[in-house]
Amino acid sequence: MTTATSLEDRAARADAEDPLAPLAGRFLLPEGVIYLDGNSLGPLPAAVPPALADAVGRQWGTDLINSWNDNGWWQAPLRIGDTIGRLVGAAPGQTVAGDSTSVQLFTALGAATALRPGRPLLVTDPGHFPTDRYLADAVARRHDGMEVCRVPPADLEPFLAGHGSRVAAVSYSPVDFRTGELYDMAALTEATHRAGALAVWDLCHAAGAMPLRLDALEVDLAVGCGYKFLNGGPGAPAWLYAARRHHDALDTPLTGWNGHAHPFAMHRDYTPAPGIARARIGTPPILSLLALEAALTVFEDVDLSELRAKSLSLTDFFLTCADELLTPLGITPVTPRDPARRAGHVALRHPHAHGLTRALADRGVVIDMRAPDLLRFGVNALYTTHTELLTAARHLRAVVRESAYDPAPPRSGPVT
Ligand SMILES: *Cc1c(COP(=O)(O)O)cnc(C)c1O
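Everything numeric here is computed off the predicted structure, so don't read it as measured data.

What counts, and at which threshold
- Residues numbered from 1 in each chain as written.
- Predicted model: local features only at pLDDT ≥ 70, side-chain atom pairs only at ≥ 80, totals over all residues.
- Heavy atoms only, no water.
- Helix = DSSP H or I, 4+ residues; strand = E, 2+ residues; numbered from the N terminus.
- Rg over C-alpha atoms; globule rule 2.2 N^0.38 Å.
- Contact = heavy atoms within 4.5 Å.
- Lys, Arg positive; Asp, Glu negative; His and termini not counted.
- Charge placed at Lys NZ, Arg CZ, Asp CG, Glu CD.
- Near = heavy atom within 4 Å.
- Areas by Shrake-Rupley, 256 points an atom, 1.4 Å probe, with all protein chains shown as cover.
- Nonpolar A, V, L, I, M, F, W, Y, C, P; charged D, E, K, R; others polar.
- Salt bridge = Lys/Arg side-chain N within 4 Å of Asp/Glu carboxyl O.
- Buried < 20%, exposed > 50% of the residue type's maximum accessible area, 1.4 Å probe, protein only.
- Expected span 1.5 Å × (residues − 1).
- Polar contact = N/O pair within 3.5 Å; in protein donor to acceptor, adjacent residues only side chain to side chain.
- Pairing = 2+ DSSP bridges.
- Axes fitted to C-alpha atoms, helices over the stretch in contact; angles between N-to-C directions.
- Domains from an automatic or database assignment.
- Buried area = accessible area lost by both parts, 1.4 Å probe.
- Arc of directions from axis to C-beta.

**Some details on the overall build of the protein**
Here's step 1: Scanning the protein for helices and strands turns up 12 helices and 13 strands.
Here's step 2: Over its C-alpha atoms the protein spans a radius of gyration of 22 Å, differing by no more than 12% from the 22 Å that the globule rule assigns to 416 residues.
Here's step 3: Across its three principal directions, the C-alpha atoms of the protein cover 75 × 60 × 40 Å.
Here's step 4: Across the protein, every contact between residues at least 6 apart in sequence was considered, and the portion connecting residues at least 24 apart equals 71%.
Here's step 5: Taking the 36 positively charged and 45 negatively charged side chains of the protein as two groups, their mean positions are separated by 4 Å.

**Observations regarding the site of the ligand**
Here's step 1: Neighbouring residues of the ligand: Ser100, Thr101, Ser102, Phe129, Thr131, Asp132, Asp202, Cys204, His205, Tyr227 and Lys228.
Here's step 2: For the ligand, whose free accessible area comes to 390 Å², the fraction covered by protein is 86%.
Here's step 3: Going through the elements one at a time, helix H5 (101-115) and helix H6 (130-141) are the ones with two or more residues in the shell around the ligand.
Here's step 4: Per-class residue counts for the shell around the ligand are 3 nonpolar, 5 polar and 3 charged.

**Considerations on the pattern of salt bridges**
Here's step 1: Inspection of the entire model under this criterion finds 18 salt bridges.
Here's step 2: In this structure, the salt-bridge partner of Glu293 is Arg79, at a minimum N-O distance of 2.8 Å. Of this pair, Glu293 sits in helix H9 (residues 286-296) while Arg79 sits in helix H4 (residues 76-88), and the two are 214 residues apart along the sequence.
Here's step 3: Take Glu293: its relative accessible area is 24%, and that puts it in the partly exposed class.
Here's step 4: For the salt bridge of Arg194 with Glu190, the shortest nitrogen-to-oxygen distance reads 3.4 Å. Taken together, the residues Arg194 and Glu190, both in helix H8 (residues 185-194) and 4 residues apart, mark about one turn of the helix.
Here's step 5: The exposure class of Arg194 is exposed, given its relative accessible area of 54%.
Here's step 6: Among the charged side chains, a network of salt bridges with common partners joins Asp54, Arg58 and Asp63.

**Structural notes on helix H10 (residues 304-326)**
Here's step 1: If you check H10, its first and last C-alpha atoms are 31 Å apart, about what 23 residues at 1.5 Å a residue would give, namely 33 Å.
Here's step 2: You can read the cap of H10 off the contacts: a side-chain oxygen lies 2.8 Å from the backbone nitrogen of Ser305, and it is on Asp303.

**Points about the sheet that holds strand E5 (residues 167-172)**
Here's step 1: Spatially, the 7 strands line up as an open sheet ordered E2-E8-E7-E6-E5-E3-E4, and their pairing is mixed. Here the strands that pair on one side only, and so sit at the sheet edges, are strand E2 (95-97) and strand E4 (147-150). Averaged over neighbouring strand pairs, the angle between their axes works out to 15 degrees when direction is ignored.
Here's step 2: Here E5 runs beside strand E6 (residues 198-202); their pairing, made up of 4 bridges, is parallel. Across the sheet, the residue bridging to Ala169 is Leu198, located in E6.

**A look at the domain arrangement of the protein**
Bring the parts together and some accessible area is lost; that lost area is often taken as the interface size.
Here's step 1: Taken domain by domain, the protein comprises domain 1 (3-31 + 303-401) and domain 2 (50-299).
Here's step 2: Computed over C-alpha atoms, the centres of domain 1 and domain 2 are 30 Å apart.
Here's step 3: Domain 1 puts 22 residues into the contact, and the matching count from domain 2 is 19 residues.
Here's step 4: Together, the buried faces of domain 1 and domain 2 total about 1,700 Å²; carbon and sulfur atoms form 62% of this surface.
Here's step 5: It is Leu304, Ala343 and His345 in domain 1 that bury the most area against domain 2; as a group they hold 28% of the surface buried on that side.
Here's step 6: At the junction of domain 1 with domain 2, the criterion picks out 1 salt bridge.
Here's step 7: Across the salt bridge formed by Glu181 and Arg341, the nearest N and O atoms sit 2.9 Å from each other.
Here's step 8: On the surface where domain 1 and domain 2 come into contact, there are 9 residue pairs in polar contact (both at pLDDT 80 or more).
Here's step 9: Elements represented by at least two residues in the side of domain 1 that touches domain 2 include exactly H10, strand E10 (345-349) and strand E13 (374-378).
Here's step 10: At 4 residues, H10 tops the list of elements feeding residues into the side of domain 1 that touches domain 2.
Here's step 11: Split by residue class, the side of domain 1 that touches domain 2 holds 11 nonpolar, 5 polar and 6 charged.

**Examining the environment of Pro126**
Here's step 1: With respect to the helices and strands, the residue Pro126 is situated in the loop between strand E3 (121-124) and H6.
Here's step 2: Given the relative accessible area of 37%, Pro126 is considered partly exposed.
Here's step 3: In this structure the C-alpha to C-alpha distance between Pro126 and Cys149, which are 23 residues apart in sequence, comes to 8.5 Å.
Here's step 4: Those residues in contact with Pro126, other than ones at most four positions away along the chain, are Arg133, Arg150, Val151 and Pro152.

**Section: helix H7 (residues 156-163)**
Here's step 1: Of the positions making up H7, those classed as buried are Leu156, Phe159 and Leu160. Along H7, the residues classed as buried sweep out an arc of 95 degrees about the axis, all on the same side. Turned more than 90 degrees from where H7 packs its buried face, Pro158, Ala161 and Gly162 sit exposed.

Shown next, in the form of structure tokens:
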């Protein structure tokens, strides 16, 4: 029991010394649940229910259509874009919130390829999230002669040495959504620029989890979702960043009337609005935007470097728990040990990942899995504690030792 006791002591000490511990009070987390799936759906911030009640009851219910002006609905995509911009190192006026990540990716990839005419290659990661891969293919299909090259981030430099002058854009995520591996955004962006190509980043698993420096790295375009580490709620609006230097030439593929220079003049032809406003598409989802805006107040006085330091402490501690309690049972960590290469979740490999995920849920530990054999434990330094991670590891150890799970593979259908 000495090992178990020392893990317990370590967890208790880290939690007692945690300056961010009070932030958990900004969330409405259900009693008796250890929530380690905030990298798929962030939990409910306490600020959201009253904001939504106001948006529905007063703004929509009473002020009705005047709310577009009087309650700031029309400006919401740009206002909330700027709030997200502060979390990703973007100065105001370069970020717009709205639509889904998939739509924003189509916009970003379409705009990037249009900014680099005559370059027929679009580079993406073979391990990229499926929608990112599908949309790269869709954009290439719409350009004569354009080809998608699937190049793992580790192979980008040699690939660009051979083909760089033909590459229009490189579209990566800094985080492997399966393993939690973190790539070097600065180095990959720099290599992309040396080849004269544009860097398009998908920050779904990074925004709100760690400091990001879009302006400082001279990233060209970026997208991210609102419902993972930003906690904006199911299907929350996504966001798009376009560096200011590209605005005048930014030719987005979805030229909706909200992105027009004079939307209410109802002109026959499209003239893009100046600045990032041209990346607006259609009427924005106001209720979802206002929920996201309230959720983002959680970050108002939070230092993202402190958040990142705690996140690394949590994932490091969980890897230690895994080494001591789980590896002897055949559950192996796949997430890198090097903090510079580790993002906000830890993945453990076991052939019965599906059954184990279900058994943990029955014990109040919510995680998710990625087929066929990865268990994902998402930590969020805003509310996760070291003690919760030790408890989760102990539950997993007990479930495996007692064979208290169904080893059958999942039936088809949606899996969380
Ligand atoms: C979560 C995630 C998405 C999700 O796309 P949606 O359009 O919001 O469903 C896309 N890309 C990455 C890298 C993700 O992690």
